[in-house]
Every structure is written in structure tokens, then in C-alpha cells.
Amino acid sequence: MELSNVSIQALVKEIKEEMLSDIDPYSFVSPSAYDTAWLAMIPVDSNQPCLSPMFKNRLDWVVNNQTEEGYWGECNVHGNPAIDSLPATLACVIALKKWNVGIENAERGLAFIRENTEKLLGEKHNQFPRWFAIVFPGMIELASKIGLELDFSNHLKRLLMDIFFERQEILETEKLSGGPYLPLLSYLEALPSFYAIKQEDIITHLSGDGSLFQSPSATARAFMATGKEECLAYLQSIVRTCADGVPPTYPMDEGLIKLGLANQLQRLGLAEHFTQQIEDILTQVYRLDRARAESSMDRSTGSLGKPAWIEENNDMNALWAGKISFHRLSSLKNEKFVKLAAADFEFRQSIYKNEMAKLKSWCQKWGLSDIGFGREKTMYCYFAISASLSLPYDSDIRMMVAKSAILMTVADDFFDMAGSLNELNILNDAVRRWDAKGLSGHCKVTFYALDNLVKETSEEHIQQYGTDITSYLQEIWGETFASWLVEAKWSKSGYLPSMDEYLRTGMTHTLVLPASCLLKSSLPNSKISPAAEYETVTKLVMLIPRLLNDVQSYQKEIEDGKMNSVLLYMKENPGADIDDSIAFVRELLDKKRKELLKHALMDGFSDLPIASRHLHLSCMKVFEMFFNSSNRYDSNKGMLQDIQKAIYIPLHIGTSKPLIPLPNFDFGSKKEFQTITSHQFVRPFKHKNKRIIGYQTSLPIARREYANYMFITPNFRLSFA
């Protein structure tokens, strides 16, 4: 285990030194094969379009960056090509064909298109992104125009027909510029020839930097169409700045790149190792509004709940949406992040297995495992705490909070269902006096387990800080038991409290305040004493879990004869039905969540140390995990699969699902592309109530015979009548 920790720290150091010390933002974003191919198509002399490429190094990039499977572009969570690989591969093949280079690359690319297009389109179930419906037909038409042979099956032609019609609807309903989406003009390179665009339209929409909507591919096409020096200067700037391919957008928001990098570290559960680097990025990006940056990121900080993300994000490295698919973290850099995340997770998993065994042993020792009533939630409690709290490997806080949560569950169930009012009074009095005299049965078991927990926590605090907080911990637990007794009396007597009375009885601070005392920046004793006024952030953590539980548990509590905020609202508002009441509580929840985020993440609202404020936020996440969409805490099986995968099942980084294998090619002495063309007219036909007129022009001869009058894409240029 120690060797694993050493290797993890070595990798952390390597990443900090190589990747985070002096960030070149563009090196973190994966190049776009599609946009690179479009720069590779630009001739050095527009009067001699077939002489030589203006940006030969981009053409070389295309030749050298084809995958073993034959495609260009990005892959999905399984390591297989994503749908954006289809237009990217066609664009790269077109660039190679234009300059009659990379013959073998182009043949493998075409074979990939022929053999895998139907599979990739079928995975989308006819639900294609808008950008794909615009770009893919355009690349098919361009490939056909220059004589590339695309031999598709009848079934695939039907799929392609739907995509072409989707494009037609987009072209008919959207304007060239403006509207809620990226303007059509930003897809200039892919728009069909029958979609008339004047040079004035292009020039009018050029940005001050000479680009067309900061799109390298659209600007490359704009330069080829207009010859504007401003466009050329923009393209030359890309080549000077970006040594490796062409980014999907240029210039990119460097702050957004850095924020995406910080977010990726958070999502992989690595924030603990890069705290200062993340803080520096947040400070740099949002100097005046740090909370905005933090709240926009995934702050599920613990790595225990991350196995699915680590396994799947071996390939899913999306940063933010772009013109075509996503801007993605460079695969080489992301691989190193994933390697570290996997090692960190596996090391933590070994720790968590050991701690879980110790926790179960503790519950058995103090009689909590077989107490005979209520919910046995040892695994649930430990999993939730470990998944939500970002703590060092050797932290004692996980065990302390998990034990507290287990005790709270046992005691709460005893007050709810198992104890008589006399027993509850006796137990509450014993906790108030902190004296087990007169206790027996369940009351005695509960008190002795609680006493052991308080002693362990106090001893740990003495070792760390030299002060004894026993009396403060006893007071917090005394306040909690007194609150449970009040609720038990309400339930047994049929008393209906007011909403304000009810909401004041939430006691989850029993988890967060003692834990805060063991953080490196320890909580002042005055902040954990019930005699003092609790901080607002603490009061919110006492309130929000109660409301979350109430929304998911009101039906059960009707059956048990208990009250909660959903039911109390209807009592205080006779005209409201259950839907009105749930809506009210959800609205209150939303308001209180935002208030908690403000107090936990922004300076100036709380005197608590920042580590304690973040611990408050993590505590809320525990209850969000249990009660956000259903009552998972009371489910016996609702979280077992997650727990097993997080603690016991080894991490599995996904491997590629096999593609359809490419055929073997005998290139021989072939030195150039071969194109065979034919001309054939076909009669009009209808599809989806539209009258289509198609004709072939300068097209490759298909290898198969197709019956009837199928819409043969790409062998048709379409016009709509």
C-alpha cells in the first residue's frame, strides 16, 4: 500500500511539473481533424488550385494522425469512434484526394466510412445533432463531387435520406445568421451549392480578426471563396499558435480551458492533490466572482463515488460544446489524468475496504448490528460519507462521521418506533446527565456506543490540538436526543406543531460540527456549543436534509401517523392539495440550497474556516444522494450496487468494442487516386410528402445493383420542388 502511495505522489508531482506549472492552454485541447483537414485543402495559389497546399504541415498532420481503425476524429466512452468521426474522416480523405497524397490512408478512411457508417448512425436511433445534419451531408456531397466512391447499402441510404431531409428542414427554417443556434454561415464549408450565398454575406459577417465566427473550417472556406487577406491572416495566426493540428475554435477562451481543466480534475476525484492549482485557476478566471466558478464545477469531491466516471472518461474528455461535437481535453493529457485517477481510486478502495471492516466490527462490538429494530445502514452511512467528503487517505474523520450517522439512525429509529415514552425519557435524561445509571436493554446499548464515540473523538482532538472537547460533544448529542424526544411526544400525543416549530428540530449538525473540530483548521469551541448561536451555514445544514427527507417520505409518514413539512403546509393552508404542498417545499429547498452555496463558498458570510464550510456543503450532498429523487436511504437494495462497485469491485477501464474489420488492401504500385464516373438521370419521386428531383453527375460507378428508385446518397445532388 505504501508503494502505491509513493507512486501516486510521484505521478502527482509529474503532472504538476509538466502540465500545470506553466499552462499552454491550446496544448490541453484536442486538435480537430475536421478543421485541420479544411486548412489542408487551401491551395497556395487560388489560380492554380491543384498545385500545392498552402499549409503543408496541416496536410502532414492529416497523414500522420489517422487511427489504426482507419478513421480521424474522437472516440466515445468505449474507445470506439464517435459520430463526429464520420464527417472528420470524409474531410481528411477529401484533403488527401485533393493533393493526391496518403493514398493508403485515404483508402482505409473510405473503407471505414463504408463499413461503419450504418453502425454509427444506427446507434443514434435517428436522433442526430443539428450540427451533424448540416455537416455530414455536406461532406458526402463534396466527396461525391470530387469523385470519391461511397458504396452504401439500401438500408443505410434510407438513414442518409432522413439526415438529408433534416438538413433541408434546417435550411428552410433558419436564417443565414442570427437565431438561437450557431448561425448557418458558421457552417459555410458544409452548406450545399444550391444554397446561394453571396460574397457580400460572407464578408459582412467576418469578425475583426478575419474569422467567420471563430471557426477555422468556415474561415478556410471563406478564404477560398473570397480571397480576403483578413481571412488568410487569421488562418496563418492559427498555424503559428497551434503546432499540433487545428483547434475546433480559434481563438479559444483561455480561462474556459483552464476552468475545464480544473473541472476535469474535480470530476476524476483528484482535487485533493491539486488544491493550490485549482485555487489559482479559479482565482485567475474569476477574480471578482470566485463562487461562480466553483458552483459551475462538479464538486462531488470524493473519489469513492467516481468509478463510473474514471472508467468511462478514459475516452470521454469533453470540456464544452463546440460547433461540431465538443472541445475535448487532449487525449494524451487526459490519459495521464485517468492513470492517476485509477491509481488513486484503487489505493483508496483498499483503505475503504479496511475501514468498512473495522466499522462493522465496531458496530458488532457495541451491539448495534443486532439491536433488533430499525434500519441497518452501516454500509450506506460509510459509503455516503466517503463518497462525499474529500479527505486525506489517513483521515479519522470518515470513521467518526460514519459512526455518528449509524448511531443517529439507530437512535432515531428507537425514538420513532421501538421505544416507549418512558424508555425515551429515561434515555434522554441519561444523555443529558451523561450517566448510564438506570439504563438497560436498547437504551444501554445506544448510550454505551455513543459514549465510546465521544471518547474517541475527544481523544483524537486532544492528540491534535491539546484541548478536551468532551463537554461540547456531550452537549450537541444531548440537544439531538432532546429534539428526538420532542418529536416522539408530538407523534404519540397527536400534537400538530407549527411549521416553524417543526423545522427547528433538524439535527444533522451532530455530524458536521464534531467533524469540523478534527480538520486541520480546527473549529473554535464556541462554534460547537449549543449555548451559542449557530452559524447560518450550520442552521441551513440542519434544515435542508429535513426538507429533502420530507418530500420523499411524506406518504410513509402518513401511514406511521407522523408529521412533516409537506403535511404541515396543507394543514396551515386548507386550500392547498398535496401537489401544492410539495411545490412549496421544493421551492423552499431551492432557496435554501442557494443560500447554503453562498455561505459555504463565498467569503464574508461566515466566520467558520473554509474547510468547515466545505464540510457543511459535503454534508448536504450526502442527503442529496439519499433523498434528491427518491428515498434511497430506506431502500434495502437501492444503493447496494453503487456501494459494491465503489468499495469491493476492482476498477475496470473500458476497452474498445470491436469495429467491423477493414478489408485487406493490396496497394501495389498505386500512385494516385482512380475515379470512374457516369451520368444517369432518374425520374422524380416523393419521400415524406416532399417531391425530390435527383440526378447523378461526375459520380463513381457503384459496385452493386440497387432495385427500384431508391434515393442513392451520395450519388444524387438534390433539389427540392
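For the structure, check the block above.
Residues numbered from 1 in each chain as written. Predicted model: local features only at pLDDT ≥ 70, side-chain atom pairs only at ≥ 80, totals over all residues. Heavy atoms only, no water.

Student: Residues and numbers for the side chain of Ser-553, please.
Tutor: For Ser-553, the position within the fold is in helix α23 (residues 536-559). A distance of 3.1 Å separates a polar atom in the side chain of Ser-553 from a polar atom in the side chain of Asn-631. Setting aside residues up to four positions removed in sequence, Ser-553 forms contacts with Asn-564 and Asn-631. (Helix = DSSP H or I, 4+ residues; strand = E, 2+ residues; numbered from the N terminus. Polar contact = N/O pair within 3.5 Å; in protein donor to acceptor, adjacent residues only side chain to side chain. Contact = heavy atoms within 4.5 Å.)

Student: So what's going on with the packing of helix α16 (residues 378-388) against helix α17 (residues 397-418)? Which residues, and what values?
Tutor: In contact at an axis separation of 9 Å, α16 and α17 are set at 140 degrees when each is read in the N-to-C sense. Here α17 runs oblique to α16, going by the angle between their axes. The two elements α16 and α17 cross, and the hand of that crossing is right-handed. Contacts between α16 and α17 involve Thr-378, Cys-381, Tyr-382, Ile-385 and Ser-386 from the former and Arg-398, Met-399, Val-401, Ala-402, Ala-405, Ile-406 and Thr-409 from the latter. Split by residue class, the contact of α16 with α17 holds 8 nonpolar, 3 polar and 1 charged. (Axes fitted to C-alpha atoms, helices over the stretch in contact; angles between N-to-C directions. Parallel < 35°, antiparallel > 145°, perpendicular 65-115°, else oblique. Left-handed = near helix turned anticlockwise from the far one by under 90°. Nonpolar A, V, L, I, M, F, W, Y, C, P; charged D, E, K, R; others polar.)

Student: Explain the environment of Leu-206 to me, using residue names and the numbers behind them.
Tutor: Within the element layout of this structure, Leu-206 appears in the loop between α8 (199-204) and α9 (216-226). Sequence spacing of Leu-206 and Lys-228 is 22 residues, and the spatial spacing of their C-alpha atoms is 9.8 Å. Not counting residues within four places of it along the chain, the set of residues in contact with Leu-206 comprises Ser-211, Leu-212, Lys-228 and Cys-231.

Student: Let's hear about the nonpolar core: which residues, and what values?
Tutor: Note on soluble globular proteins: their nonpolar side chains tend to be buried together. Core analysis: the biggest nonpolar cluster contains 209 residues, and Tyr-34, Leu-86, Leu-121, Phe-132, Leu-235, Trp-477 and Phe-481 have the highest contact counts within it. With 13 residues, the single largest contributor to this core is α17. Residue contacts for Tyr-34: discarding those within four places in its chain leaves Pro-87, Ala-88, Ala-91, Val-135, Met-139, Glu-189, Ala-190, Ser-217 and Ile-324. (Core = buried A, V, L, I, M, F, W, Y, C linked by side-chain atoms within 4.5 Å. Buried < 20%, exposed > 50% of the residue type's maximum accessible area, 1.4 Å probe, protein only.)

Student: Mind laying out empty space enclosed by the protein, listing which residues take part and the relevant values?
Tutor: Applying the stated rule across the entire model yields 5 cavities of 30 Å³ or more. Reported here for the largest cavity is a volume of approximately 160 Å³. In terms of lining, the largest cavity is formed by 16 residues, of which the most central are Ser-32, Glu-74, Asp-84, Ile-324 and Phe-326. Within the residue set of the lining of the largest cavity, elements represented by two or more residues are α2 (33-40) and β2 (326-328). Here the lining of the largest cavity is built from residues that sort into 7 nonpolar, 5 polar and 4 charged. In this structure, the second largest cavity spans a volume of roughly 70 Å³. What lines the second largest cavity is Ile-385, Leu-389, Val-401, Leu-511, Val-512, Ala-515, Leu-615, Cys-619 and Val-622. Contributions of two or more residues to the lining of the second largest cavity are made by α22 (509-517) and α26 (610-627). (1 Å grid on protein atoms, 1.4 Å probe; cavity = no way out; pocket = protein on both sides within 12 Å on 5 of 7 lines; lining within 4 Å. Points joined across faces, edges and corners; volume = space filled by probe spheres on them.)

Student: Account for the packing of aromatic side chains, naming residues and giving values.
Tutor: Applying the stated rule across the entire model yields 20 aromatic pairs. Ring centres 5.2 Å apart and planes at 35 degrees place the aromatic pair Tyr-71 and Phe-112 in the tilted group. With Tyr-71 in the loop between α3 (56-64) and α4 (85-99) and Phe-112 in helix α5 (residues 103-122), this pair connects stretches of sequence that are 41 residues apart. Considered together, Tyr-71 and Phe-112 belong to a single accessibility category, that of buried residues. Residues Phe-481 and Trp-484 carry aromatic rings whose centres are separated by 5.0 Å and whose planes lie at 65 degrees to one another, so their mutual orientation is edge-to-face. Taken together, the positions of Phe-481 and Trp-484, both in helix α20 (residues 470-493) and 3 residues apart, correspond to about one turn of that helix. Accessibility assignment for this pair places Phe-481 and Trp-484 in one class, buried. (Phe/Tyr/Trp six-rings, centres within 6.5 Å; stacked < 30°, edge-to-face > 60°.)

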